[in-house]
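Descriptive structure summary
Chain by chain, the residues:
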Amino acid sequence: MSIQIIDGKAIADEIKKEIAIEVASMIDKDEKAPHLAAIIVGEDAASQTYVASKEKACKSVGITSSVYKLPASTSEKELLDVVHFLNQDLDVDGYIVQLPLPDHIDEQKILLAINPAKDVDGFHPENAGRMMLGLPAYLPATPFGIMELLKRSKIETAAKHVVVIGRSNIVGTPISVMLSRKAQNANATVTLCHSRTKNLKDITLQADILIAAIGKVGFVTADMVKPGATVIDVGIHRVEDVGKEKGYYLTGDVDYEEVAKKASAITPVPGGIGPMTIVSLLQNTLLASKRVIYS
Ligand code: NAD
């Protein structure tokens, strides 16, 4: 069976070009460039890497980026002060608070304090509620990226059975809602599976589109996949390997080699959903600067 390897990097580059053109035309009209800010608390290496790659992506399309780096000892009150400052700052169109936060800070309290109109991560309950109701909303970056990837790869979703494994608030739950909505590039029948699901394999074998967001290396094996299915791998893991130049390699939640023999389309790791996630954040920042969601 011929397989379509869905090139998330190429699609993300295509979207970046579109954003760069849009930003350039704003600047030509003497409008200010969109501005994305990020707050990062502490020294978590993965978070530092994510924020650095978001900054780089902003730069590549002409979006202004600024980073507030706060020490791990920052109190909840001090962090709230920065959040309140960014809520008021007219120059900042949207901002993110990089998660996870140190244990002594209540994550929910911080996310609730973000002005929903600047919540380009789409994690505020107001944006989650709007998404749920099909109202204009900032969509969380990863599911937004999956939707865009399916659309641009011309993978039909209407009337298809989508099985999502994983019910996190940032991936599994929102992608289930988005794909089941009565809307273009959605209209799917969705089954949401999780750690308490019984007979998981019986369900995944029915999937026309299988979305894996579990957080376990190679969890989805070929015997769980219907021949001809589309497989979207959200997982991302660094596996140590002294044989590799960097001392590790990246892999996903899907046993790529074996599943690729059975699927009709598949996203690789790296180069699948990862690049789409970052580009979705840029799309949300552009929407924020144009006041599209909240006028
Ligand atoms: P999470 O860790 O918050 O939740 C995992 C989910 O998997 C849970 O809902 C749980 O019920 C389910 N699960 C666990 N074991 C299971 C089992 N045996 N059977 C069925 N379901 C099971 O998930 P998350 O934050 O959505 O992250 C999932 C993966 O995606 C991680 O590897 C993460 O690093 C990755 N991720 C990647 C991107 C990206 O941009 N590529 C973005 C977000 C998350």
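Residues numbered from 1 in each chain as written. Predicted model: local features only at pLDDT ≥ 70, side-chain atom pairs only at ≥ 80, totals over all residues. Heavy atoms only, no water.

**Re the pattern of salt bridges**
Under the definition given, this model contains 14 salt bridges. Where Glu 22 meets Lys 290, a salt bridge forms, and the shortest distance between an N and an O atom there is 3.4 Å. Taken together, the residues Glu 22 in helix α1 (residues 8-28) and Lys 290 in the segment after α10 (273-289) connect sequence positions 268 residues apart. Residue Lys 290 is classed as partly exposed on the basis of its relative accessible area, which comes to 35%. (Salt bridge = Lys/Arg side-chain N within 4 Å of Asp/Glu carboxyl O. Helix = DSSP H or I, 4+ residues; strand = E, 2+ residues; numbered from the N terminus. Buried < 20%, exposed > 50% of the residue type's maximum accessible area, 1.4 Å probe, protein only.)

**Focus: the site of the ligand**
What surrounds the ligand is a group of 21 residues, the closest being Arg 167, Ser 168, Ser 195, Val 234 and Thr 277. His 194 is positioned with one of its backbone polar atoms (N or O) 3.4 Å from a nitrogen atom of the ligand. Contact distances for the ligand include 3.1 Å between a nitrogen atom and a side-chain N or O atom of Lys 216. For the ligand, whose unbound accessible area comes to 860 Å², protein coverage reaches 72%. For the shell around the ligand, the element with the most residues is α10, which contributes 3 residues. (Near = heavy atom within 4 Å. Polar contact = N/O pair within 3.5 Å; in protein donor to acceptor, adjacent residues only side chain to side chain. Areas by Shrake-Rupley, 256 points an atom, 1.4 Å probe, with all protein chains shown as cover.)

**Things to note about helix α2 (residues 45-61)**
Between its first and last C-alpha, α2 extends 25 Å over 17 residues, near the 24 Å set by a 1.5 Å rise per residue. Burial in α2 covers these residues: Ser 47, Val 51, Lys 54, Ala 57, Cys 58 and Val 61. Relative to the axis of α2, the buried residues are bounded by an arc of 120 degrees and lie together on one face. Opposite the packed face of α2, turned more than 90 degrees from it, sit the exposed residues Ala 45, Lys 56 and Lys 59. Buried residues belonging to α2 abut α1, β2 (35-41), β3 (64-70), β4 (94-97) and α10. Looking one or two residues beyond α2, the residue adopting positive phi is Gly 62, at roughly 90 degrees. (Expected span 1.5 Å × (residues − 1). Arc of directions from axis to C-beta. Contact = heavy atoms within 4.5 Å.)

**Notes on the sheet that holds β4**
Sheet strands pair by backbone hydrogen bonding; their relative direction is either parallel or antiparallel. An order of β3-β2-β4 is seen for the 3 strands of this open sheet, with the pairing classed as parallel. Edge strands, defined here as strands with exactly one partner in the open sheet, are β3 and β4. Adjacent strand axes in the sheet meet at a mean angle of 15 degrees when their direction is disregarded. Sheet topology places β2 next to β3; 7 bridges connect them, and they run parallel. Looking at β3, one finds that His 35 is bridged to Thr 64. (Pairing = 2+ DSSP bridges. Axes fitted to C-alpha atoms, helices over the stretch in contact; angles between N-to-C directions.)

**Let's talk about the side chain of Thr 230**
Tracing the sequence through the fold places Thr 230 in strand β8 (residues 230-233). Given a relative accessible area of 6%, Thr 230 falls into the buried group. Setting aside chain neighbours within four positions, we find Thr 230 in contact with Ile 6, Leu 150, Ile 155, Asp 208, Ile 209, Leu 210, Ser 264 and Ala 265.

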